[in-house]
Amino acid sequence: VPAYYDEIVVRHKPMTSLAFAIRDKNHKLVGISEIDWYLEDIAKNCSKIKPTPHAEVLFGSIKDNYVLDPTNDSNANQILKWSDHAVTLKNKPRKGAIALNKDVKIKGIRYVSFSTILDNDMALLVRVPRHEIFHKIEIYNRLTILFLFVFSIALLIIGWRAVTKQ
């Protein structure tokens, strides 16, 4: 079921419903089980997949132009707009597939962005700052280059001394 606003409860928050048919052993319909789930709760669970400390997890409806941002405590209970959240989707996500945007720049920070459309037409977007992904790799590369440089100098000195002693 696509997301909708809860008009009955005072909270007026976006929610979705999950419903399943209950059938007897002859596959005859005997009832329906349904659960209403606030999208805010789903978004908070989605935020637990945050891969790095400064990654952002956004969850909402692109079609209806709202987003829930559970990774930002000041906006945890607010409904924001995708358009206000600097969401750039160069590769539009499709249902059941993951779209990858390797270079998204927002407020001077470069991100790698992963997005998908879920079964209920909601979008899940995970943005990871590039420096957090590649920081350790760059450190290990620098240490390796430094080691190779020191090793080369040591071999050069040992070789030079061996040649000059003869």
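Not measured: the values here are computed from a predicted model.

The number of helices and strands found in the protein chain is two helices and eight strands. When the helices and strands of the protein chain are placed in sequence order, the string is β-β-β-α-β-β-β-β-β-α. Split into buried and exposed, the 166 residues of the protein chain put 33% on the buried side. Contacts in the protein chain between residues far apart in sequence, at least 24 positions, make up 35% of those at least 6 positions apart. For the protein chain, the computed accessible surface area is about 11700 Å², with 61% contributed by carbon and sulfur atoms.

Here the focus is the side chain of Thr52. Structurally, the position occupied by Thr52 is in the loop between helix 1 (39-46) and strand 4 (56-61). At a separation of 2.3 Å, a polar atom in the side chain of Thr52 contacts the side chain of Glu132. Dropping the residues within four chain positions of it, Thr52 is found in contact with Val128, Pro129 and Glu132.

A positive phi angle is found at His27, which is not glycine, with a value near 65 degrees. On the secondary structure map, His27 appears in the loop between strand 2 (14-23) and strand 3 (29-38).

Quick look at the packing of aromatic side chains now. Inspection of every chain in the model, using the stated rule, returns one aromatic pair. Look at Phe147 and Phe151: their rings are 6.1 Å apart centre to centre, the planes differ by 20 degrees, and that puts the pair in the stacked class. Of this pair, Phe147 and Phe151 are both found in helix 2 (residues 130-165), four residues apart, which corresponds to roughly one turn of the helix. Judged by its relative accessible area of 55%, Phe147 is exposed. In this arrangement the basic side chain of Arg127 is found over the ring face of Tyr111, its NZ or CZ atom lying 5.5 Å from the centre.

Reading across the sheet, the five strands line up as 5-4-8-7-6 and stay open at both edges, with antiparallel pairing between neighbours. Both outer strands of the open sheet, strand 5 (66-68) and strand 6 (98-106), are each paired with one neighbouring strand and no more. Averaged over all pairs of adjacent strands, the angle between strand axes in this sheet comes to 30 degrees, irrespective of strand direction. As paired elements, strand 4 and strand 8 (residues 123-129) share five bridges and run antiparallel to each other. The residue bridging Gly60 from the neighbouring strand is Ala123, located in strand 8. Where helix 1 meets the sheet, its contacts fall on strand 4, strand 5 and strand 8, and the angle it forms with strand 4 comes to roughly 155 degrees. Together, strand 6, strand 7 (109-117) and strand 8 form the strand contacts of helix 2, whose direction differs from that of strand 8 by roughly 45 degrees.

We now examine the pairing of strand 8. Most of strand 8 sits out of view: seven of its seven residues are buried. Taking every second residue as pointing to the same face, both faces of strand 8 are buried, with Ala123, Leu125, Arg127 and Pro129 on one and Leu124, Val126 and Val128 on the other. The sheet contact formed by strand 7 and strand 8 spans seven bridges and is antiparallel. Residue pairing for strand 8: Phe114 is matched across the bridge by Val126.

The next thing to look at is helix 1. Every buried residue of helix 1 is accounted for by Leu39, Glu40, Ile42, Ala43 and Cys46. The buried residues of helix 1 occupy one face: seen down the axis, they fall within an arc of 160 degrees.

What follows is about the pattern of salt bridges. By the definition in use, this model includes one salt bridge. Linking Glu56 and Arg127 is a salt bridge whose minimum nitrogen-to-oxygen distance equals 2.4 Å. Of the two residues, Glu56 is situated in strand 4 and Arg127 in strand 8; the sequence distance between them amounts to 71 residues. The exposure class assigned to Arg127 is buried, which follows from its relative accessible area of 3%.

Basis of the calculations
- Residues numbered from 1 in each chain as written.
- Predicted model: local features only at pLDDT ≥ 70, side-chain atom pairs only at ≥ 80, totals over all residues.
- Heavy atoms only, no water.
- Helix = DSSP H or I, 4+ residues; strand = E, 2+ residues; numbered from the N terminus.
- Buried < 20%, exposed > 50% of the residue type's maximum accessible area, 1.4 Å probe, protein only.
- Contact = heavy atoms within 4.5 Å.
- Areas by Shrake-Rupley, 256 points an atom, 1.4 Å probe, with all protein chains shown as cover.
- Polar contact = N/O pair within 3.5 Å; in protein donor to acceptor, adjacent residues only side chain to side chain.
- Phe/Tyr/Trp six-rings, centres within 6.5 Å; stacked < 30°, edge-to-face > 60°.
- Lys NZ or Arg CZ within 6 Å of the ring centre and 35° of its normal.
- Pairing = 2+ DSSP bridges.
- Axes fitted to C-alpha atoms, helices over the stretch in contact; angles between N-to-C directions.
- Arc of directions from axis to C-beta.
- Salt bridge = Lys/Arg side-chain N within 4 Å of Asp/Glu carboxyl O.

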